[in-house]
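For reference, the chains in residue letters:
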Amino acid sequence: DKAPLSKSLLLVPSAISVLLTLLFQHYQKFFAYNLQAVKEDFQIWRLVCGRTICLDLKDTFCSSLLIYNFRIFERRYGSRKFSSFLLGTWMLSALFDLLLVEITQYIFGITINSLPSGFLGPVFALFVPFYSSIPRVQVTQVLGHFSITNKSLVYILGLQLLTSGSYIWILALSGLISGICYNSSILKVHRILCVPRWVAKIFSWTLEPVFSSAEPMNEVRVGMGATVDIQRQQRMELLDRQIMMSQVAQMRRQRQQQGGMINWNRLFPPLRHRHNANYQDHRPSEQGIPPPTEVSEEQVARLMEMGFSRGDALEALRASNNDLNVATNFLLQH
């Protein structure tokens, strides 16, 4: 839902990769990322074909899972800004690929004629905003020292993709560098390499109805957990916190009403509950209203950076007693 570009990148390149691997193997040569052909024969079209479709099904599977996890950025920023990031990092990573190959040959004397094909540069570039903007929520610990967070599985997928080929580290490094350059506020690359509004409107009219999905109605919203076990554990922990908070609030109300073992409020009602002839509207005194919970503006700002409104952030922080992790999970699931 609300991620048509991610859905198209998940379905179309994966389908073409499977067809090239199983049925049309004689066409794989047109999608090879051959740098020698680009530099010597000026086959510039290989920069487009070779950097779009994966020829290895393992790379296809890992990159598809990463795109599925990174769909949160399209929901947060919108399809136009997300597509601008992918286009900018795709173009920058092509330049950095050539530079890193030349540097490797100059320093180590290793001649690299081809690189793994596929939409890998922008996928590695997405790790930059994932690291900087997605909050880290601890799920559990292994052996008492190693923390398992909501981001651990995504990093494991990236490591698996990094170790799938011999020279894929060049694509990973160029993708990370391009992601840092695009996110940099000093270089202003995002103002130059962006998708024009008229192009975004054309694609929204033509392709978005094809790849758009309806909002799920019966699905329970969960946090950033990427497996069923992590999602179930997050849901149980959130329910435990909510039950504990409701029990504490109920005990406080009972103590305020009872005032001890003997219910003195039942025998002698408080003055604020008695009728006063001078006030016909019977409004309660201001002293009976509990003061609102003070909320840290820094935590409100962090939640607003994640895309939540100020009102929702204030309500979640007050309900969670200024616990940022509980408030984040609550807003992600509601």
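About the thresholds
- Residues numbered from 1 in each chain as written.
- Predicted model: local features only at pLDDT ≥ 70, side-chain atom pairs only at ≥ 80, totals over all residues.
- Heavy atoms only, no water.
- Helix = DSSP H or I, 4+ residues; strand = E, 2+ residues; numbered from the N terminus.
- Buried < 20%, exposed > 50% of the residue type's maximum accessible area, 1.4 Å probe, protein only.
- Contact = heavy atoms within 4.5 Å.
- UniProt positions renumbered as here; feature names shortened; annotations may be inferred.
- Salt bridge = Lys/Arg side-chain N within 4 Å of Asp/Glu carboxyl O.
- Core = buried A, V, L, I, M, F, W, Y, C linked by side-chain atoms within 4.5 Å.

> Looking at this model, I keep getting lost on the environment of Ser296. Mind explaining?
In this structure, Ser296 sits in the loop between α15 (264-267) and α16 (297-305). Ser296 sits in the partly exposed class, given a relative accessible area of 30%. In the structure, Ser296 is positioned 22 residues away from Arg318 in sequence and 9.8 Å away in space, judged by C-alpha atoms. Those residues in contact with Ser296, other than ones at most four positions away along the chain, are Leu317 and Asn322.

> What should I look at first to understand the UniProt feature "transmembrane region" (unreviewed entry) in the protein in this one?
Sequence positions flagged by UniProt for "transmembrane region" (unreviewed entry) are, in local numbering, residues 6-24, 85-108, 114-132 and 153-177. Counted over residues 6-24, helix gives 89% and strand 0%. Its end C-alpha atoms are 25 Å apart. Secondary structure across residues 153-177 divides into 80% helix and 0% strand, with the first and last C-alpha atoms of the span separated by 22 Å.

> Just checking my understanding: could you explain the environment of Lys201 for this structure?
Along the chain, Lys201 turns up in helix α12 (residues 197-206). Judged by its relative accessible area of 49%, Lys201 falls in the partly exposed class. For Lys201 and Arg80, which are 121 residues apart along the polypeptide, the C-alpha to C-alpha distance reads 9.0 Å.

> Can you walk me through unusual backbone geometry in this structure?
What you tend to see is this: most non-glycine residues have negative phi, and most peptide bonds are trans. In this structure, Phe42 is a non-glycine residue whose phi angle is positive, near 55 degrees. Within the secondary structure, Phe42 sits in the loop between α2 (35-40) and α3 (45-49).

> So what exactly am I meant to see when it comes to the pattern of salt bridges here?
As a working rule, side chains carrying opposite charge can pair if their charged atoms are close by. In total, this model carries three salt bridges according to the counting rule given. A salt bridge links Asp97 to Arg51, with the shortest nitrogen-to-oxygen separation between them at 3.5 Å. One end of the pair, Asp97, is in helix α6 (residues 79-108); the other, Arg51, is in the loop between α3 and α4 (57-69), with 46 residues separating them in the sequence. We note that Asp97, like Arg51, is buried. Note that Glu297 is salt-bridged to Arg310, the shortest N-O span being 3.1 Å. With a gap of 13 residues between them, Glu297 in helix α16 and Arg310 in helix α17 (residues 310-319) connect regions that are remote in the sequence. Residue Glu297 is classed as partly exposed on the basis of its relative accessible area of 47%.

> Quick question: what am I supposed to make of the nonpolar core here?
Core analysis: the largest hydrophobic core is formed by 42 residues, its most contacted members being Leu66, Phe70, Phe73, Leu115 and Leu161. When residues of this core are traced back to their parent elements, those giving at least two are α2, α4, α5 (71-77), α6, α7 (120-125), α8 (127-133), α9 (152-162) and α10 (168-183). If you tally residues by element for this core, the top one is α6, at eight residues. Beyond its immediate sequence surroundings of up to four residues, Leu115 is in contact with Tyr33, Leu35, Asp97, Val101, Tyr167, Ile170 and Leu171. Core analysis: the second largest hydrophobic core is formed by 12 residues, Val295, Val300, Ala313 and Leu314 among them.

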